[in-house]
Amino acid sequence: MAGVQNDDDVMSEEDVAIVVPKTRKRNLTSNGKKGGTSTIQRNKCLRRQMQDVGQMLLSAKNGQQVSTHARKIDQTKFREFVSKLIIARNLPLGLVEWPEFRDLCAYLNDDVNTLSRNTSKADILKAHGMRKEAIHKRLKCVPGEALAAKLFVILEYWGIEEKVCNITLDNAASNDRCIKVMKSRLVAKKIVFNKGKYFHVRCCAHILALILKDGLPKIDPAVIKVRKLVKYIKSSQIRKQNFFETVETLGISVRMGLHRDVKTRWNSTYLMLQSCIAYEDVFTHLKLMDKDYEDSHTEE
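Because the structure is predicted, anything quoted here is derived from the model rather than measured.

Attention now moves to the side chain of S275. Following the sequence through the fold, S275 ends up in helix α13 (residues 266-278). In this structure the side chain of S275 is engaged in a polar contact, spanning 2.8 Å, whose partner is the backbone oxygen of M272. The residues touching S275, leaving out its near neighbours within four places in the chain, are M256, G257, L258 and H259.

This part takes up the nonpolar core. Core analysis: the biggest nonpolar cluster contains 16 residues, and I233, F243, L258, C276, Y279, V282 and F283 have the highest contact counts within it. Within the residue set of this core, elements represented by two or more residues are α11 (220-234), α12 (237-249), α13 and α14 (280-289). In terms of residue count, α11 provides more of this core than any other element does, six residues in total. Residues within four places of F243 in sequence aside, it is in contact with I233, L258, Y279, V282, F283 and L286. Counting 12 residues, the second-largest nonpolar core is a separate cluster that includes A148, F152, L186 and V192.

Remark: α11 packs on α12, axes separated minimally by 6 Å, with the N-to-C direction vectors making an angle of 105°. Of the possible angle classes, the one that applies to α11 and α12 is roughly perpendicular. The residues of α12 that touch α11, namely those facing Y232, I233 and K234, are R239, K240 and F243. A per-class count over the contact of α11 with α12 returns three nonpolar, no polar and three charged.

Note on placement: S174 falls in helix α9 (residues 173-188). Leaving out residues up to four positions away in the same chain, S174 has contacts with L139, V142, G144 and L147.

We now examine a nonpolar patch on the surface. Nonpolar side chains collect at one region of the surface, where I207, L208, I211, W266, Y270 and L271 lie side by side and expose about 550 Å² of accessible area between them. Within the residue set of the nonpolar patch, elements represented by two or more residues are α10 (204-215) and α13. With respect to the secondary-structure elements, I207 resides in helix α10.

Looking at the chain as a whole, the pLDDT averages 78, with 73% of positions reaching at least 70. Mean pLDDT in the chain bottoms out at helix α1 (residues 13-19), which sits at 45, and peaks at helix α5 (residues 75-89), which reaches 94. The model gives residues 1-26 a pLDDT under 50, and that stretch makes 28 contacts with residues more than four places away or in other chains.

Now for the environment of A205. Looking at where A205 falls in the secondary structure, it is placed in helix α10. On the basis of relative accessible area, A205 is assigned to the exposed category, the value being 53%. For the pair A205 and D170, spaced 35 residues apart in the sequence, the C-alpha separation amounts to 9.1 Å.

Let's shift gears to the packing of α11 against α13. It is at 11 Å that the axes of α11 and α13 come closest, and there the two elements cross at 70°. Comparing their axes, α13 and α11 come out roughly perpendicular. Here V223, V226, R227 and V230 of α11 lie close against α13, whose contacting residues are T269, M272, L273 and C276.

Moving on to helix α8 (residues 144-158). In an α-helix, one turn spans 3.6 residues; hence positions three or four apart end up facing the same way. Here α8 is 15 residues long and its end C-alpha atoms lie 21 Å apart, about the 21 Å a rise of 1.5 Å per residue gives. Those residues of α8 that sit buried are G144, A148, F152 and L155. Down the axis of α8, the buried set is contained in an arc of 70°. They therefore lie on one face. Facing away from the buried side of α8 by over 90 degrees, the exposed positions are K150 and Y157. Immediately beyond the C-terminal end of α8, within one or two residues, lies G159, with a positive phi of roughly 65°.

Once that is clear, we can look at α5. Here α5 is 15 residues long and its end C-alpha atoms lie 21 Å apart, about the 21 Å a rise of 1.5 Å per residue gives. Residues of α5 that are buried include every one of F78, V82, S83 and I86, and no others. The buried residues of α5 occupy an angular sector of 135° when projected down its axis, which confines them to one face. Looking at α5, the residues exposed on the side facing more than 90 degrees away from the buried face are T76 and A88. Buried residues along α5 sit against α6 (99-108) and α7 (117-141). The first or second residue beyond α5 is N90, which carries a positive phi of 55°.

What follows covers the pattern of salt bridges. According to the stated counting rule, one finds 10 salt bridges in the structure shown. Across the salt bridge formed by K84 and E80, the nearest N and O atoms sit 3.4 Å from each other. In this pair, K84 and E80 both sit in helix α5, four residues apart, roughly one turn of the helix. Residue class for K84 comes out partly exposed when judged on its relative accessible area of 46%. Look at E80 and you get partly exposed, because its relative accessible area is 33%. For E156, the salt bridge identified is with R185, shortest N-O distance 2.6 Å. Of this pair, E156 sits in helix α8 while R185 sits in helix α9; the two residues are 29 residues apart in sequence, bridging distant segments of the chain. Note on E156: relative accessible area 46%, which makes it partly exposed. Judged by relative accessible area, R185 falls into the partly exposed class, the value being 29%.

Calculation notes
Residues numbered from 1 in each chain as written. Predicted model: local features only at pLDDT ≥ 70, side-chain atom pairs only at ≥ 80, totals over all residues. Heavy atoms only, no water. Helix = DSSP H or I, 4+ residues; strand = E, 2+ residues; numbered from the N terminus. Polar contact = N/O pair within 3.5 Å; in protein donor to acceptor, adjacent residues only side chain to side chain. Contact = heavy atoms within 4.5 Å. Core = buried A, V, L, I, M, F, W, Y, C linked by side-chain atoms within 4.5 Å. Buried < 20%, exposed > 50% of the residue type's maximum accessible area, 1.4 Å probe, protein only. Axes fitted to C-alpha atoms, helices over the stretch in contact; angles between N-to-C directions. Parallel < 35°, antiparallel > 145°, perpendicular 65-115°, else oblique. Nonpolar A, V, L, I, M, F, W, Y, C, P; charged D, E, K, R; others polar. Patch = residues over 30% accessible without salt bridge, like charges linked within 9 Å, V, L, I, M, F, W, Y side chains within 5 Å. Areas by Shrake-Rupley, 256 points an atom, 1.4 Å probe, with all protein chains shown as cover. Salt bridge = Lys/Arg side-chain N within 4 Å of Asp/Glu carboxyl O. pLDDT = per-residue confidence, 0-100. Expected span 1.5 Å × (residues − 1). Arc of directions from axis to C-beta.

See below:
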């Protein structure tokens, strides 16, 4: 039997018997007045509506809007996924500038914005900072008793509890509580001497960082100008190339490169100042050659 077309196509009783089960034959057979196939139309399977590609193209040519159901890309999410890929697989930052990578992104979605290695670097540093801050907050929420219990589990596992004489921690409140719990147990077991008077050794690096944190603001104006200068040079591949060409021209044997600091790490600020002092003659020469550079350079 041919496929059902419409209600006007009249079928014989034998044809109906072939299509439907015998139990329903009585209800679907035609009679003198009702010879249509409406009942069969109501009982046929529903199929998923499909769009013909040719019809879609014709609709587009006629000015009608065609929905392709393409997902609108979230640029922030895309950059986040790229950063995760680079970190997880230890890929170079130049990945985002590879023609093959950009071709792949453009093939998947034309709306993808191309990235530079500097943008990827900034995204990775931002992700690192957020992750570090999250871990820091979690550790702050851990009570000192829990820290002490965890440390004792580790000491017992390695069998070195009786060899502990002191511990070095910073001055966080939870750390102070942890020290009190540990000292109480070790003193009771007669493992530490002099009632644990020298058990807690203050972190010298933390103390030094606090001192420098208070001292660096006094030279902040000069540090800010140096930071701006280093950022100006390192933010452009052409300017970096001109910088190192000037180093070769002047015959300077220093090969440490320019270091850009991280504001929260005083040692990186020291390395930045040290590198800039070594290239002082280069900066002076570039001031004469580049008028834009002159705005960033100061004698300080």
